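A structural walkthrough
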Amino acid sequence: MKLISLDTLEPGKQLGRPIYNEKGTLLLGKGVAVTARYLRRLKEMGYSSVYIEEKGYEDIEVKDVISDRTRMEAVSTISETFESVRASDSRSDKVSLDRSKVTGVADKIVDDLTSSGDQIMDLIDLKSFDNYTFMHSVNVSVLTVLTASNVGKFTSMELRDLAMGALLSDIGKAHVPIEIVHKKGRLTPDEFARMKKHTAIGYEILLHKSNMKPLVASVALQHHEYYNGTGYPGQLAGDKIHIFSRYTALADCFDSLTSDRSYKRRLPPLVGLEYLKLGSGTHFDPVCLEQFANHVAPYPAASTVMLTTGETAVVVQNNMKNLERPKIRILNTPDGKAVEKPYELDLSAHPEFAIQSVQ
Ligand SMILES: [Fe+2]
Ligand SMILES: [Fe+2]
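A quick note: this is a predicted structure, and the numbers were derived from the prediction, not measured.

A few points about the coordination of the iron ion (ligand 1)
- Those protein atoms acting as donors to the iron ion (ligand 1) are Asp170 (OD), His198 (NE2), His223 (NE2) and His224 (NE2), and they sit at 2.1 to 2.3 Å.
- Viewed at the metal, the four donor atoms of the iron ion (ligand 1) are separated by angles of 86 to 179 degrees, and the geometry they form is irregular.
- Of note, the iron ion (ligand 1) draws all its donor residues from one chain, in the sequence arrangement D-x27-H-x24-H-H.
- For the pair the iron ion (ligand 1) and the iron ion (ligand 2), the metal-to-metal distance amounts to 3.5 Å, and Asp170 bridges them.

Written out as structure tokens, the structure reads:
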């Protein structure tokens, strides 16, 4: 597989991963040839890149940390949950939220992540404008549980609460005016102030209107708090912010930075991670951050990298023990010519080579 920018994708190539709509329904399956019309549509939907199958890249695997089925089911459950909360009156003291369905999905996420040993996030969760909110909620949950489950101090019950809290962290957006949530472009200060209320609204919905555990609801309330007390809504600092929310804050920020939005293109995971690290100790808990960074590949498999020596290469496989130095396949010489016989380099054994940039 190869990760390719839609700007350089030529029609006729086959998709390497399926594309889903905002309800978690399959739009284009793996293996479907991207026609000129599909390509236009993908760009309209806000995608900047896709995974494709390509000759010479067949052996490069992009493996998700949960099954496609779990991810799809989670997206459709969250989409339905948002719909039903949106449909209930924000002044009423009950919302219809299918607790058992969300619990079931949270369980599957935890099961998938804890049954396959230590894993790293080695794929970019590509999203469009319309499926962003739901796919984002799911990916935040996945990244959060991926990190916390490997710390080894949480029970599976606690991980399930964490998965649920992260899945529902943005549920308050269902009662923020839809023109603001779906605005294509940056929010005005007033709109941003409305948007910030999704934390307290979400807490209210989960704790008082649908009888969720306080711990689950607290993730909705606290996931935008900053470690130094400059976040919102409570300006809580340090361990006054529950550890679940400290993990969720990292996953939330990382996922939004590395996703295409209406006002910006996605950043590569490397840049997303660097951004988080700049906030270590101020925005984020340094210990949680280190654990998070140990589980996210800065150079995911199938991405194109440029070496400091000028060659272009594709990432073939990550080294779990050294995420900075994956195994790569050199494709182009420093002057841009295709190498006659692409060859592989394990960067963990070749300190003389280093990655300069990633696509
Ligand atoms: Fe949020
Ligand atoms: Fe979020």
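Further notes follow.
As for the UniProt feature "domain: HD-GYP" (unreviewed entry) in the protein
- Here, the residues flagged by UniProt with the feature "domain: HD-GYP" (unreviewed entry) are residues 113-308.
- Taken end to end, residues 113-308 comprises 49% helix and 2% strand; its first and last C-alpha atoms sit 35 Å apart.

Concerning the packing of aromatic side chains
- Overall, the coordinates contain five aromatic pairs when judged by the stated rule.
- Residues Phe82 and Phe134 carry aromatic rings whose centres are separated by 5.3 Å and whose planes lie at 70 degrees to one another, so their mutual orientation is edge-to-face. Taken together, the residues span a long stretch of sequence, with Phe82 in helix H2 (residues 68-87) and Phe134 in helix H4 (residues 132-149) at a distance of 52 residues.
- Relative accessible area serves as the criterion here: at 1%, Phe82 is assigned to the buried category.
- Centroid distance Phe254 to Phe292: 5.6 Å. Interplanar angle 70 degrees. Geometry classified as edge-to-face. Of this pair, Phe254 sits in helix H10 (residues 243-257) while Phe292 is found in helix H12 (residues 286-293), placing the two residues 38 residues apart along the sequence. The same class applies to Phe254 as to Phe292, namely buried.
- Aromatic ring contacts, followed pair by pair, group Phe154, Phe244 and Tyr247 into a single cluster.
- Geometry around Tyr132 places Arg261 over its ring, the cationic atom sitting 3.7 Å from the centre.

The rules we used
- Residues numbered from 1 in each chain as written.
- Chains lettered and ligands numbered in written order.
- Predicted model: local features only at pLDDT ≥ 70, side-chain atom pairs only at ≥ 80, totals over all residues.
- Heavy atoms only, no water.
- Donors = N, O, S within 2.8 Å, 3.2 Å for Na, K, Ca; no water.
- Tetrahedral: all angles 85-135°; square planar, octahedral: opposite > 155°, others 65-115°.
- UniProt positions renumbered as here; feature names shortened; annotations may be inferred.
- Helix = DSSP H or I, 4+ residues; strand = E, 2+ residues; numbered from the N terminus.
- Phe/Tyr/Trp six-rings, centres within 6.5 Å; stacked < 30°, edge-to-face > 60°.
- Buried < 20%, exposed > 50% of the residue type's maximum accessible area, 1.4 Å probe, protein only.
- Lys NZ or Arg CZ within 6 Å of the ring centre and 35° of its normal.

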